[in-house]
Structure formats: structure tokens, C-alpha cells
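# A structural walkthrough
Letter by letter, the chains look like this.
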Amino acid sequence: MYELMRYTLMHKLLPQQLLSGGTAFIVANAFYQFHSFGLECIAFLATWYVFDFIVQKLFVALGWIRSRSR
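What counts as what
- Residues numbered from 1 in each chain as written.
- Predicted model: local features only at pLDDT ≥ 70, side-chain atom pairs only at ≥ 80, totals over all residues.
- Heavy atoms only, no water.
- Core = buried A, V, L, I, M, F, W, Y, C linked by side-chain atoms within 4.5 Å.
- Buried < 20%, exposed > 50% of the residue type's maximum accessible area, 1.4 Å probe, protein only.
- Helix = DSSP H or I, 4+ residues; strand = E, 2+ residues; numbered from the N terminus.
- Contact = heavy atoms within 4.5 Å.
- Phe/Tyr/Trp six-rings, centres within 6.5 Å; stacked < 30°, edge-to-face > 60°.

The next point concerns the nonpolar core. By size, the foremost hydrophobic cluster in this structure holds 5 residues: Ala24, Ala28, Tyr32, Ala43 and Phe44. For this core, the secondary-structure elements that each account for two or more residues are helix H2 (10-31) and helix H3 (37-62). With residues up to four places along the chain from it excluded, the contact list for Tyr32 reads Val27, Glu40, Ala43, Phe44 and Thr47.

Here's what the structure looks like:
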């Protein structure tokens, strides 16, 4: 995890991940009550993935970042 964070372009990645991860955290905290840490963690990560996909598409549409697809 440390190596991943060290080699990633933090100034480009951080705003996008803070927006999607923060929103996913708020949704998970407010709505997920599975009474199982593992299930709630998996649901949080899935929510973060979906929100990150949406934010990525929004940032590309607004021209704030380039599309990563080749």
C-alpha cells in the first residue's frame, strides 16, 4: 500500500479519490447496517468503486482530466 501511494500522482489522484471515497464513506456510514464488519467493508468498497467510476466519467466530461482508456 505504501509503494502504491508513493508512486501515484497524488496531486491528480487525491481530489478525485477524496470526493468519491468521502461520499462512499458517508453513504456506508448512514445506510449500511449489516452487523458484520466484513460485509460492511465489502459494501463500502463496492460503493467507493461505483462512485469513483461516476466521478471519473464526470471529470472527463468536464475536461478536468483526460480519459485513461486507450
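Having seen the model, we can carry on.
Phi is positive for His35, which is not a glycine, with a value near 60°. Its place among the elements puts His35 in the loop between H2 and H3.

Taken as a whole and judged by the stated rule, the model has 4 aromatic pairs. On the numbers, 5.7 Å between centres and 15° between planes, the contact of Tyr32 with Phe34 is stacked. According to the relative accessible area criterion, Tyr32 is buried, its value standing at 19%. What makes Phe34 partly exposed here is its relative accessible area of 41%. Considering the side-chain rings of Phe44 and Trp48, the 5.6 Å spacing of their centres and the 45° angle between planes classify their relative orientation as tilted. Of the two residues, Phe44 and Trp48 both sit in helix H3, 4 residues apart, roughly one turn of that helix. A relative accessible area of 18% places Phe44 in the buried class. Judged by its relative accessible area of 29%, Trp48 is partly exposed.

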